[in-house]
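Residue-level listing of the chains:
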Amino acid sequence: MYEVKVTHRVLANRRLACEVYPEVFVVDNGAVISTYAGPANGYCPCEPVEPEIDEVFEMSEQQLRDAIRWATSIYRPWR
């Protein structure tokens, strides 16, 4: 398990989330979501939390693997 700082809130259900890579978020319920995945269709599924929010939650190994998969699938280096 890894501890991550809350940076965002999911728009659909107000769950806490952390942006672990640009446009890739882990959610405190075990989900990994991305702007480029499923119904998000290019729209960010999260909004930044207020600056005074200072919370953390645990991210599992599986969430980390899922986040890496999303990040590597959307990464496009400059040529």
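Residue numbers run consecutively from 1 along every chain, following the written order of its sequence. Reporting in this predicted model follows two pLDDT cut-offs: at least 70 for local features of residues, and 80 or more for side-chain atom pairs to be given and counted; totals over whole chains, interfaces and linings ignore these cut-offs and use all residues. Excluding hydrogens and water, the side-chain figures rest on all heavy atoms present in the structure.

Peer 1: Explain the overall build of the protein to me, please; I cannot follow it from the model alone.
Peer 2: Helix and strand assignments come from DSSP, with helices taken as H or I runs of at least 4 residues and strands as E runs of at least 2, each series counted from the N terminus. Helices and strands together make up the secondary structure of the protein, namely one helix and seven strands. Overall, the protein shows an N-to-C arrangement of helices and strands of β-β-β-β-β-β-β-α. For every residue, the accessible area (1.4 Å probe, protein chains only) is compared with the maximum for its type, and the residue is labelled buried under 20%, exposed over 50%, or partly exposed between those bounds. A buried classification covers 34% of the 79 residues belonging to the protein. Excluding contacts between residues fewer than 6 apart, the proportion of contacts in the protein whose partners are at least 24 apart in sequence is 57%. Carbon and sulfur atoms make up 54% of the accessible area of the protein, which totals about 5400 Å². Whether two residues are in contact is decided by their heavy atoms, any of which lying within 4.5 Å being enough. Only the protein chains shown count as cover for residues, and the accessible areas themselves come from Shrake-Rupley with a 1.4 Å probe.

Peer 1: Help me understand the nonpolar core, please; the structure alone is not making it clear to me.
Peer 2: Nonpolar side chains in soluble globular proteins tend to be buried together. Within the largest apolar cluster, 13 residues are counted, with the highest numbers of intra-cluster contacts made by Val4, Val6, Val26 and Phe57. Listing elements by their share of this core, those giving two or more residues are strand E3 (16-21), strand E4 (24-27), strand E7 (56-59) and helix H1 (61-74). Not counting residues up to four positions away in its chain, the partners in contact with Val26 are Val4, Leu16, Ala17, Cys18, Val20, Ala31, Val32, Phe57, Met59, Gln63 and Ala67. Working definition of a nonpolar core: buried Ala, Val, Leu, Ile, Met, Phe, Trp, Tyr and Cys residues. They are joined through side-chain atoms within 4.5 Å.

Peer 1: Whenever I open this one, the environment of Cys18 confuses me. Can you help?
Peer 2: In this structure, Cys18 sits in strand E3. Expressed as a C-alpha distance, the spacing of Cys18 and Cys46, which sit 28 residues apart in the sequence, is 9.4 Å. With residues up to four places along the chain from it excluded, the contact list for Cys18 reads Val4, Lys5, Thr7, Val24, Phe25, Val26 and Phe57.

Peer 1: Help me understand the environment of Gln63 in this model?
Peer 2: Here Gln63 lies in helix H1. For Gln63, a relative accessible area of 3% gives the class buried. N or O atoms closer than or at 3.5 Å make up a polar contact, with two conditions inside protein: a donor-capable atom paired with an acceptor-capable one, and, for residues adjacent in sequence, both atoms drawn from side chains. Here the side chain of Gln63 touches Ser60 through a polar contact of 3.0 Å, landing on its backbone nitrogen.

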